[in-house]
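Observations on chain architecture
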Amino acid sequence: MSFKGKKLLAANYGRICDYIGSCLHIFLRSSIIHSMEKKDKTHGVASISPVHGGLVFAKEPPQKKLDPHDPNLEFNPTPCTLSLDQRLALIKAVGEEILTEDNLTQLLKTKQQFICYDGFEPSGRMHIAQGIMRKINVNRITKAGGIFTFWVADWFAKLNHKMGGDLEKIQVLGKYFIEVWRASGMDLKNVRFLWASDIIQQRAERYWPRVLDIATKNTLARIVKCSQIMGRKEQDTLSASQIVYPCMQCSDIIELQADMCQLGMDQRKVNVLALEYFDAIGKTPKPVIVSHHILLGLQQDPTSDEPTKMSKSNPDAAIFMEDEAEDVARKIKKAYCPEKIVKLNPILEYVKYIIFGTFDEMVVERKEANGGNKTYTKYEDLEADYVSGALHPGDLKPAVIKYINDILKPVREHFKNDEYAKGLLQKVIKFREEEKEKKEKEQKKKGPKKEEGKKQQKAKEAEKVEEEKKVEPKKDETKVETGEKKERKVEITVPVPELAVPPKSFGGRTRIRFLMERHEEFVDKVIYVAGWCRTLRFTKNVAFAELSDGSGPQSIQVVVDTTIPNYVEFEKLRAGSSVGFKGKIVKSIGSKQLIEMQVKNEPEHLVKIYGDCPADQYPLAKKEHSNEFLREIAHLRPRTHLIGAVTRIRNALTHVPVSYTHLRAHETRHDLVCRLLLEKKKKKKKKTKKKKKKK
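These numbers were taken from a predicted model, which means no experiment stands behind them.

Another aspect to go through is the overall build of the chain. Within the chain one finds 23 helices and 21 strands. Expressed as a percentage of the 695 residues in the chain, the buried residues total 39%. Contacts spanning at least 24 positions in sequence make up 66% of the contacts within the chain whose residues lie at least 6 apart. Only carbon and sulfur atoms are counted for the fraction: they give 54% of the accessible area of the chain, which is about 42700 Å².

Here it is in structure tokens:
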């Protein structure tokens, strides 16, 4: 280098160093930004300090300790070795409805292992359908090649106001549910549990936009129809969180990449919503919907065709997983189990779905006089004997008690012997007690006002009774004058006949209101009633009709024998049909009605059909309808309890002033006008007579 070059380098040395330093700084910053959030083996996460612009290495966050009770530690899917027909048979045994069977066959042909989705809200107590029946269905699906994904919907339980919206309590309940399934014998090798709160937070960037897209592609009315999935009704007042709930559940199916949705029939509407969304966005293939049966509650209404589901609010309506042997025996002994009737028989459903789902055979122990012990290897054989009368409910119930207790025994022992399970159960029991205390406190706050109001009402009623006693007319008298000379009060008593002489109307029928008010006088008498059938239920030997005529809120149960002459025509009728019955009034065996009518093949008895009720022309089923829907069918509204009650009240209110004035010899305006008109006519006649006489 020449002397001149060295001189220039020395003069600009500081500038050159600054330039090189700035270039290195820019290079380091760009490389750090590119590798941001990547962990270094020794230093952890690298970042740039806002103070000096240099590198700062954060310490690694402490790793979560493995939970030894985590069920996902047992997750180790095994391939299925069964044939296609065997796999189909297993899944069909689970599904009461499959959408569709062709899609199911195609799925099993293309995939040896498939993802099956089910979600559950951790809330309250676990009944036998959630515990044992769910275990049976899961084991069948996994045996057919399914990798079962349980979506622990803790956020959904919070949205649905379960456990007061306390997420910690909800998660404890979720762990309790999992522990029950573990103890009951669920195949956890092919089952994994994903918590909604974890997955949604991890995948929020794609989860929430999809939820919004589902919401924009559906109307509010369509979403409200799915409220059944939360145990709500369309008429219930829903919070904003409960409106979001169905959209989130629909999004879960896509998020988990489910090939199959295996939920109950009560979740059908949201599953169909998901299929509609798949069509809307053009996504294929669509998941197969396999909906299992909803187990009946132990207590059923014999007068209704609508089944009563298990209810956690009614302890005697279901068997719970922590019930002791004595509780099981008591509940099954009290359960509804009509002789020779299969429909809406909860005991037979327990046999079909739980006992035969767990055991290969069932032994019914009986005395030799009743036919001796009998072993059943198929449910169909047991049902056939029950319908024919060869198997009596008194023999069936003890066998059901024995088998149910055998099924629940491992669960009871697990929660008594395992410390972790015992701790969970104690926490769950504590949560229940806290919920009860909260409800009691709320009732106490509202209670005093209600009690004061009731006391005031009782005091007023007592005063009225005392006043009536003071001015009580004699039985033989029709008029009694009371009070001062200026005021004249007239009390009129209408004598009630001693004999049952009902008011007749429309072909000499007896009004149901009068019949139910004085039912004791009609027992063992043959009378004629007519009206419309709120419900119709047909069995092998008899048919049940719930008859109402609008005279009051009451209805009467009519038991029609299949041997009547026109039973073939009667059997074709649907709910809402207008029918007249002539039969004998007897005391009812059921607990929900005092009397019923029996119509048999006898000369005096009669079934008169006035008209059928096609569902397309008269769309009024026996359930709660919204006022908006009733406005669309104004001609049928009087048949509902609400509008029927309103019309009867209106009729009574309009009748009161008229009867008051007539009974007290007063004239209404209408009567006055009529009297004046008659007087005018009489005067005219007199004038005409006088003119004729003069002529």
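All right, on to the packing of helix α5 (residues 128-143) against helix α7 (residues 167-184) then. Two quantities define a packed helix pair, namely the angle between the axes and the distance from one axis to the other. The N-to-C vectors of α5 and α7 enclose an angle of 55°; their axes lie 10 Å apart at closest approach. Comparing their axes, α7 and α5 come out oblique. For the pair α5 and α7, the sense of crossing is right-handed. On the side of α5, the interface is formed by Gln130, Gly131, Ile132, Arg134 and Lys135, while α7 contributes Phe177, Trp181 and Ser184. Residues belonging to the contact of α5 with α7 are distributed by class as follows: three nonpolar, three polar and two charged.

All right, on to the environment of Asn271 then. Relative to the helices and strands, Asn271 is located in helix α12 (residues 268-281). Taking the C-alpha atoms as reference points, Asn271 and Pro287, separated by 16 residues in sequence, lie 9.2 Å from one another. Excluding its chain neighbours within four sequence positions, the residues that come into contact with Asn271 are Ile253, Cys261, Leu263 and Ile289.

This part is about the side chain of Ser197. By the element assignment, Ser197 lies in helix α8 (residues 196-202). Since its relative accessible area comes to 6%, Ser197 is described here as buried. With sequence-adjacent residues up to four places away left out, Ser197 is seen in contact with Asp154, Trp155 and Gln171.

For the structure on display, the rule yields 18 aromatic pairs. Relative to Phe522, the ring of Phe514 lies with its centre 6.0 Å away and its plane at 85°, an arrangement referred to as edge-to-face. As far as burial versus exposure is concerned, Phe514 and Phe522 are alike and both buried. Connected via pairs of aromatic rings, a cluster forms that spans Phe120, Phe148, Phe150, Tyr176, Phe177, Trp181, Phe193 and Phe415. We note Lys402 situated over the ring of Tyr403; from NZ or CZ to the ring centre the distance is 4.9 Å.

Rules used throughout
Residues numbered from 1 in each chain as written. Predicted model: local features only at pLDDT ≥ 70, side-chain atom pairs only at ≥ 80, totals over all residues. Heavy atoms only, no water. Helix = DSSP H or I, 4+ residues; strand = E, 2+ residues; numbered from the N terminus. Buried < 20%, exposed > 50% of the residue type's maximum accessible area, 1.4 Å probe, protein only. Contact = heavy atoms within 4.5 Å. Areas by Shrake-Rupley, 256 points an atom, 1.4 Å probe, with all protein chains shown as cover. Axes fitted to C-alpha atoms, helices over the stretch in contact; angles between N-to-C directions. Parallel < 35°, antiparallel > 145°, perpendicular 65-115°, else oblique. Left-handed = near helix turned anticlockwise from the far one by under 90°. Nonpolar A, V, L, I, M, F, W, Y, C, P; charged D, E, K, R; others polar. Phe/Tyr/Trp six-rings, centres within 6.5 Å; stacked < 30°, edge-to-face > 60°. Lys NZ or Arg CZ within 6 Å of the ring centre and 35° of its normal.

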